[in-house]
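Here is what each chain is made of, one letter per residue.
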Amino acid sequence: MRRIRTTLLSAVAVCLSLPLAAQKPRLLRFDEPVQRLDTVREADGAVRLRYAFTNISPKPVTLLDVHTQCGCFTPSWDRKPVPPGGRGVVEAVFDPKNRLHDFSIGLTVIATDGDYRKFNTLKVTGYVVSRIPEEEIFYPYVLSDAFRADVDAVGMRRFVPGDGPRERSIRLWNRSGRTLHPVYASGDRRLRMSGPSEIAPGTEAVVVYAFDPRGSAPGPFALRSTIRTEAGETVVEIRGLIAEKAENR
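A. Molecular detail of the nonpolar core. Counting 27 residues, the largest nonpolar core has Leu28, Tyr51, Phe73, Val90 and Phe94 as the members making the most contacts within it. The leading source of residues in this core is strand S7 (residues 101-112), at five residues. If we skip the residues at most four places from it in the chain, Val90 touches Phe30, Leu49, Arg50, Tyr51, Phe53, Leu63, Val66, Ser76, Trp77, Val109 and Leu122. Within the second largest apolar cluster, 22 residues are counted, among which are Phe147, Phe159, Leu172 and Tyr209.

B. Broad picture of the pairing of strand S16 (residues 219-229). Bridge count for strand S13 (residues 183-185) against S16 is three bridges, and the pairing is antiparallel. Directly across from Ala185, in S16, lies its bridge partner Thr226. In this structure, S16 lies alongside strand S17 (residues 232-242), joined through 11 bridges in antiparallel fashion. If you follow Arg228 over to S17, its bridge partner there is Glu233.

C. Looking closely at the sheet that holds S13. An order of S11-S17-S16-S13 is seen for the four strands of this open sheet, with the pairing classed as mixed. Unpaired on one side and paired on the other, strand S11 (154-159) and S13 mark the two borders of the sheet. Strand-to-strand twist across the sheet, computed as the mean angle between neighbouring axes with direction ignored, equals 20 degrees.

D. Seen up close, the environment of Val109. Along the chain, the position of Val109 falls in strand S7. Ignoring anything within four residues of it in the chain, the contact list for Val109 reads Leu28, Phe30, Leu63, Asp65, Val66, Val90, Lys118, Phe119, Asn120 and Leu122.

Reading the values: the criteria
- Residues numbered from 1 in each chain as written.
- Predicted model: local features only at pLDDT ≥ 70, side-chain atom pairs only at ≥ 80, totals over all residues.
- Heavy atoms only, no water.
- Core = buried A, V, L, I, M, F, W, Y, C linked by side-chain atoms within 4.5 Å.
- Buried < 20%, exposed > 50% of the residue type's maximum accessible area, 1.4 Å probe, protein only.
- Helix = DSSP H or I, 4+ residues; strand = E, 2+ residues; numbered from the N terminus.
- Contact = heavy atoms within 4.5 Å.
- Pairing = 2+ DSSP bridges.
- Axes fitted to C-alpha atoms, helices over the stretch in contact; angles between N-to-C directions.

Take a look at the structure:
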C-alpha cells in the first residue's frame, strides 16, 4: 500500500513539474520597459524614446516585429541578430498631436532565437498639455461674454403623442473672470430650468432643461431661454419637434 502511495505521489510531482519545464525562457531583458514622460507639451512636437535590451539567451536573437497600440507611437528597430550577451535597442517616436491629458501606450516586441518566439511588452505613460486651451476644446461655442458651452443649442429631438416630460442639459464654462450669480428664465410654461446659484470663474456649470410636450400643437418648436448674470444676458435656444401621431410599429 505504501509503495502504491509513493508511486502516485511521484506521478503527481512529475505532472506538476511538466508545465514549468515546458515554459520557454526569456530571450531579452529590457533595462526600462516602462518609461514615464510626465508632462509633454503638444506644441513642442514629437518625443523620441529608446528601450535598450540585452540578449540573455545562449543563442543569437532576432527582433521579428514590434506592434504598436497607437499610430501616435511609431517604433523602429534593427533586424540583425543580436549575439548572446549582446545589446540592442528599440526606438520609438511619440507624437502628442491632437492628444490631451493622461496617456498609456504599449508596444509588443516579438523576438526569436530560431527555435521559438517570445514576447516583451514596452510602455510609455505621461500627460499631454494641448496647444489649444482646454476650455476651447470642451466648450467650443461662445454664447456670450459670460459663458462658453459644449453645444450651441439644447436639442429635445422628437416627441410623439403620449410622451411625457424630457430632460436635457447644457454644460457652461464661466469665461468672465468673476463669480457669477445666474438668474434663469425659461420664457415658456412648458419649459423648466435648473442650475447652480453661483458659478466661480473658470469653472463648469450644468443647466438642466425639462420640457413637457403635453398640450402642445404639432410641429417644430424653438424656445428662447435666458441666463442673466453680472456679465450680461446669455440666450440658449431649446429645439425639438412634436409629431402629429405616433410611428407605426
